[in-house]
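Here are the chains, one letter per residue:
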Amino acid sequence: MTCIIMKQEPNYNNLISLYGSDILDSKGMEAAKDFIQHGDTSVYEHCLAVTIMSIKLACALRMAIDMNTLIRGCLLHDYFLYDWHDGVKWHRLHGFRHPKFALRNARRDFDLNEVEEDMIRSHMFPMTISKVPHHKESVILCIADKIVSTREVFVRKTQNAS
Ligand SMILES: [Fe+2]
Ligand SMILES: [Fe+2]
């Protein structure tokens, strides 16, 4: 386990490549480039932005975190691998159900540790009220995902209005 406290701002791309290059190069993440998350942001772009935000939060809070796990869990948190805007009936409860699909796909394609599994499972908390984050990496992801998602939705609406 690589538990570290980041004392200065890291090079995000280098850090993400170091720990997550196999994920970024996977067929699943390639497919995620074509799935829209919010506005005109793809799921791939969203996952990268959430990963960077999570690293920033961990740095700002001077938290001792497992950087490898934080990055891998963040990259895979929305690994559900479908377009949830396509109007298919079973996508209606996407907000509640997609962590389960993401975890199933991620388990299939990668070796996950317990914390990474918890991160993916609980990232929609408190919407998924029974899936409480059990690790600090999960809490960081949960907060970062909401910040980035709000930005993606709100910035698009602001831009459209202007
Ligand atoms: Fe999600
Ligand atoms: Fe997300």
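Please refer to the structure placed before this passage.
Please read all numbers here as calculations on a predicted model, not as lab measurements.

What counts and how
Residues numbered from 1 in each chain as written. Chains lettered and ligands numbered in written order. Predicted model: local features only at pLDDT ≥ 70, side-chain atom pairs only at ≥ 80, totals over all residues. Helix = DSSP H or I, 4+ residues; strand = E, 2+ residues; numbered from the N terminus. Rg over C-alpha atoms; globule rule 2.2 N^0.38 Å. Expected span 1.5 Å × (residues − 1). Bend = angle between axes of the 7 residues up to and from the residue. Buried ≥ 20, exposed ≤ 12 C-beta atoms within 10 Å, placed from the backbone. Contact = placed C-beta atoms within 7 Å. Axes fitted to C-alpha atoms, helices over the stretch in contact; angles between N-to-C directions. Parallel < 35°, antiparallel > 145°, perpendicular 65-115°, else oblique. Left-handed = near helix turned anticlockwise from the far one by under 90°. Nonpolar A, V, L, I, M, F, W, Y, C, P; charged D, E, K, R; others polar.

**A few points about the overall build of the protein chain**
Each helix and strand counted, the protein chain has 7 helices and 4 strands in total. From first element to last, N terminus to C terminus, the protein chain shows the α and β order β-α-α-β-β-α-β-α-α-α-α. Taking 162 residues into account, the globule formula puts the C-alpha radius of gyration at 15 Å, and the protein chain, at 15 Å, falls close to it. Considered along the principal axes of its C-alpha atoms, the protein chain spans approximately 45 × 40 × 30 Å.

**A few points about unusual backbone geometry**
The step from Phe125 to Pro126 runs through a cis peptide bond, and the omega angle for that step is 10°. As for its position among the elements, Pro126 is in the loop between helix 6 (114-122) and helix 7 (136-161). Of note, the phi angle at Arg62 is positive, near 50°, even though the residue is not glycine. Relative to the assigned elements, Arg62 resides in the loop between helix 3 (43-60) and strand 4 (65-66). The phi angle at Leu81 is positive, at roughly 65°, despite the residue not being glycine. Here Leu81 is to be found in the loop between helix 4 (67-76) and helix 5 (94-109).

**Quick look at helix 1 (residues 12-24)**
A rise of 1.5 Å per residue sets the reference length of helix 1, with its 13 residues, at 18 Å; its end C-alpha atoms lie only 14 Å apart and thus fall more than 12% short of the reference. The largest bend along helix 1 measures about 65° and falls at Leu18. Those residues of helix 1 that fall on the buried side of the exposure criterion are Ile16, Gly20 and Ile23. In this structure, the buried residues of helix 1 make contact with helix 2 (27-32), helix 3 and helix 4.

**Some details on the packing of helix 1 against helix 4**
Contact pair helix 1 / helix 4: the axes reach a minimum separation of 9 Å and the direction vectors enclose 45°. Overall, the two elements helix 1 and helix 4 adopt an arrangement that is oblique. Like other packed secondary-structure pairs, helix 1 and helix 4 cross with a definite hand, here right-handed. Contacts between helix 1 and helix 4 involve Leu15, Ile16, Tyr19, Gly20, Ile23 and Leu24 on the former and, on the latter, Met67, Asn68, Ile71, Arg72, Leu75 and Leu76. Classifying every residue of the contact of helix 1 with helix 4 by side-chain character gives 9 nonpolar, 2 polar and 1 charged.

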